[in-house]
Amino acid sequence: MDGLSRRNILKAGGALGAVGALSIASPAHAWTWSPTGSVAGTGAGLDPRWVWDEEADPLVASLLDRGDVAQVNTLLRTWTKNGQPLPAGLPADLRDFMERARQLPSWADQGKLDLAVEFNKKRGLYLGVLYGLASGMMSTVIPKEARAVYYSQGGADMKDRISKTAKLGYDIGSNNAYRPDGEMIVTAVKTRLVHAAVRHLLPQSPYWSQVADEEIPISQRDMMVTWHSLPTTVMQKLVAWKVPIPSDESAAFLHSWQVGAHMLGIKDEYIPASWAEANSQAAQVLTPILAPTPEGIKLADILLNLGSSVDAGILSKPILGAFTRFMLGDQIANWLKIGREPIWDPLLKVAWGPFIAVREGLLPFPLAPEAYWLFDEFLRKAALLFLSEARPISIEIPDSNRPS
């Protein structure tokens, strides 16, 4: 069991609240990261394991209990652009929440967000590989995330589930991510609603309840763990690969994800203000908790077989497996029961560094960055098209868990 459950804490002392919970939390899981290192610069310092989304959670639970979810999903399919008015006919309480939730934080810097576009243009290929094979496969060895995904409604159709996750990664890296004609705000707000629904529904699943070491999924800490599997892990890999990144572009990329975290409902006091703070927090909340689970192993196998409809897995599965081992290391690959590839494993070790060196050497030449961006953009859109089977990707509020 991962520390103390919420129920056990309540049993331990009637009126014991979050502060009291901290005092009896096991030292191995005690929250020590200071809010002074956050974008807010201050905060209560409560352990985010016991903090969820006090605005979205009761609202979405009410929508589910009232039977409004199907109608809301139908209406929200038409809301696709950041600057677009919310659809008419939404329940008043949901409309009020969404109007607040769609506003960028006061600390958002449009100059940095614009510069992040330049970063994404130059590094699109790396980002696509890292989001998919470092971050995506890492999610299968984050135990709480793997169980939540597997037993929720999305776990029954992983191709659809991944297409929606990939849309978030695509939208945050697009030219107009947070501008009125972009889609990142829409994607983030809809994802926030989905998380709230999962918090309400998953505790009702007898399958999840049998294996979960928590009573409410997707805490603020869980969301930060997932966040670190994305930008923090990506930047760590780019640094390890010695990809030259100007400091202002590095800060801009971080800022785009800081804003994204806020829009997903993460409290500002938990969002790191710098890469140094991000690495410090990740060392506490991400690295130590990575571990295999039966659910994660199944999810990883599904991910590795996504290309089977194209080539029957002849090339795609070995290449994806080799990339996973190369990105995440032997231990995680072995946890996920990914076999060694006699051709692709040594090829990646030998060729990846020179590939980056050659590619980075070309970037300063005229027109090269734009050519790379167009190529990377084509690959990203093609991947989304494959995952969605050419259908519009619609992030919708679930109304049930994974069928038995």
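Residues numbered from 1 in each chain as written. Predicted model: local features only at pLDDT ≥ 70, side-chain atom pairs only at ≥ 80, totals over all residues. Heavy atoms only, no water.

**Structural notes on the packing of helix α7 (residues 143-151) against helix α14 (residues 294-304)**
At step 1: Contact pair α7 / α14: the axes reach a minimum separation of 8 Å and the direction vectors enclose 70°. By the angle class used here, α7 and α14 are roughly perpendicular. Note that α7 runs across α14; the crossing there is left-handed. The residues of α14 that touch α7, namely those facing A146, R147, V149, Y150 and Y151, are E295, G296, K298 and L299. (Axes fitted to C-alpha atoms, helices over the stretch in contact; angles between N-to-C directions. Helix = DSSP H or I, 4+ residues; strand = E, 2+ residues; numbered from the N terminus. Parallel < 35°, antiparallel > 145°, perpendicular 65-115°, else oblique. Left-handed = near helix turned anticlockwise from the far one by under 90°. Contact = heavy atoms within 4.5 Å.)

**Things to note about the environment of T36**
At step 1: Inspection of the secondary structure assignment puts T36 in the loop between α2 (18-24) and α3 (56-66).
At step 2: Once the C-alpha coordinates of T36 and A273 are considered, the two residues, 237 residues apart in sequence, prove to be 8.9 Å apart.
At step 3: Here S34 takes part through its side chain, which lies 2.7 Å from a polar atom of the side chain of T36. (Polar contact = N/O pair within 3.5 Å; in protein donor to acceptor, adjacent residues only side chain to side chain.)

**A closer look at empty space enclosed by the protein**
At step 1: What the rule picks out here adds up to two cavities of 30 Å³ or more.
At step 2: One number sums up the size of the second largest cavity: a volume of about 90 Å³.
At step 3: If you trace the second largest cavity, you find 14 residues lining it, with L113, V117, S174, A177 and Y178 closest to the centre.
At step 4: The element contributing the most residues to the lining of the second largest cavity is helix α6 (residues 110-138), with six residues.
At step 5: When the residues that make up the lining of the second largest cavity are grouped by side-chain class, the tally is six nonpolar, six polar and two charged. (1 Å grid on protein atoms, 1.4 Å probe; cavity = no way out; pocket = protein on both sides within 12 Å on 5 of 7 lines; lining within 4 Å. Points joined across faces, edges and corners; volume = space filled by probe spheres on them. Nonpolar A, V, L, I, M, F, W, Y, C, P; charged D, E, K, R; others polar.)

**Examining the packing of helix α5 (residues 92-101) against helix α9 (residues 184-201)**
At step 1: Between α5 and α9, the shortest axis-to-axis distance is 10 Å and the interhelical angle comes to 130°. As judged from the angle between their axes, α5 and α9 are oblique. Helix-helix and strand crossings are classified by hand; for α5 and α9 the assignment is right-handed. Contact with α5, carried on its side by L94, F97, M98 and A101, involves V189, R192 and L193 of α9 and no other residues of that element.
At step 2: Split into classes, the residues belonging to the contact of α5 with α9 amount to six nonpolar, no polar and one charged.

**Regarding the environment of Y151**
At step 1: Turning to its location among the elements, Y151 is positioned in helix α7.
At step 2: Under the relative-accessibility criterion, Y151 is labelled buried at 13%.
At step 3: Setting aside anything within four residues of it in sequence, one finds Y151 in contact with L202, Y207, W208, V211, E295, N401 and R402. (Buried < 20%, exposed > 50% of the residue type's maximum accessible area, 1.4 Å probe, protein only.)

**Let's talk about the confidence of the model for the protein chain**
At step 1: The pLDDT averaged across the protein chain works out to 85; a share of 81% of its residues lies at or above 70.
At step 2: Long-range and interchain partners of residues 1-25, a stretch whose pLDDT sits below 50, account for 34 contacts in this model, where long-range means more than four residues apart.
At step 3: Low pLDDT, under 50, characterises residues 382-390; the predicted model gives this stretch 19 contacts beyond four residues in sequence or across chains. (pLDDT = per-residue confidence, 0-100.)

**Structural notes on helix α4 (residues 69-76)**
At step 1: Inspection of α4 places V69, V72, N73 and L76 among the buried residues, and these make up the whole buried set. Within α4, the buried residues cover an arc of 100° as seen down the axis, which keeps them to one side.
At step 2: Buried positions along α4 lie against α3, α5 and α9. (Arc of directions from axis to C-beta.)

**Structural notes on helix α13 (residues 275-285)**
At step 1: Taken as a whole, α13 has its buried residues at W275, A278, Q281, A282 and V285. Viewed along the axis of α13, the buried residues span an arc of 125°, placing them on a single side of the element.
At step 2: Elements in contact with the buried residues of α13: α11 (220-240) and α12 (247-263).

**Observations regarding the pattern of salt bridges**
At step 1: What the rule picks out here adds up to 21 salt bridges.
At step 2: Across the pair R66 and D93 runs a salt bridge, and its minimum N-O distance is 2.8 Å. Pair noted here: R66 is in helix α3 and D93 is in helix α5, with a separation of 27 residues, a long-range link.
At step 3: Taking the relative accessible area as the measure of exposure, R66 reaches 38% and is therefore partly exposed.
At step 4: With a relative accessible area of 32%, D93 lands in the partly exposed category.
At step 5: Two residues, E183 and K167, come together in a salt bridge whose shortest N-O distance is 2.6 Å. (Salt bridge = Lys/Arg side-chain N within 4 Å of Asp/Glu carboxyl O.)

**Description of the side chain of D222**
At step 1: Along the polypeptide, D222 turns up in helix α11.
At step 2: There is no salt bridge for the buried D222, and the closest opposite charge comes from K144, which lies 4.1 Å off by N-O distance.
At step 3: At 3.2 Å, the side chain of D222 and the backbone nitrogen of I218 are in polar contact.
At step 4: In contact with D222, other than residues within four places in its own chain, are K144, E214 and P217. (Lys, Arg positive; Asp, Glu negative; His and termini not counted.)

**Topic: the nonpolar core**
At step 1: In terms of nonpolar packing, the biggest core is built from 101 residues, with M98, M137, Y178, L238, F253 and M327 touching the most fellow members.
At step 2: Beyond its immediate chain neighbours, meaning those up to four positions away, Y178 contacts N82, L104, L113, I172, M184, I185, S256, V259, G260 and M263. (Core = buried A, V, L, I, M, F, W, Y, C linked by side-chain atoms within 4.5 Å.)

**Remarks on the packing of aromatic side chains**
At step 1: The full count for this structure, using the stated rule, is nine aromatic pairs.
At step 2: When the ring of W31 is compared with that of Y270, the centres are 6.0 Å apart and the planes differ by 80°; the resulting orientation is edge-to-face. Here Y270 lies in the loop between α12 and α13 and W31 lies in the loop between α2 and α3, a separation of 239 residues in the sequence.
At step 3: The rings of W241, F323, F326 and W352 are connected pair by pair, giving a single aromatic cluster.
At step 4: The residue whose ring lies beneath R402 is Y150, and the NZ or CZ to ring-centre distance is 4.1 Å. (Phe/Tyr/Trp six-rings, centres within 6.5 Å; stacked < 30°, edge-to-face > 60°. Lys NZ or Arg CZ within 6 Å of the ring centre and 35° of its normal.)

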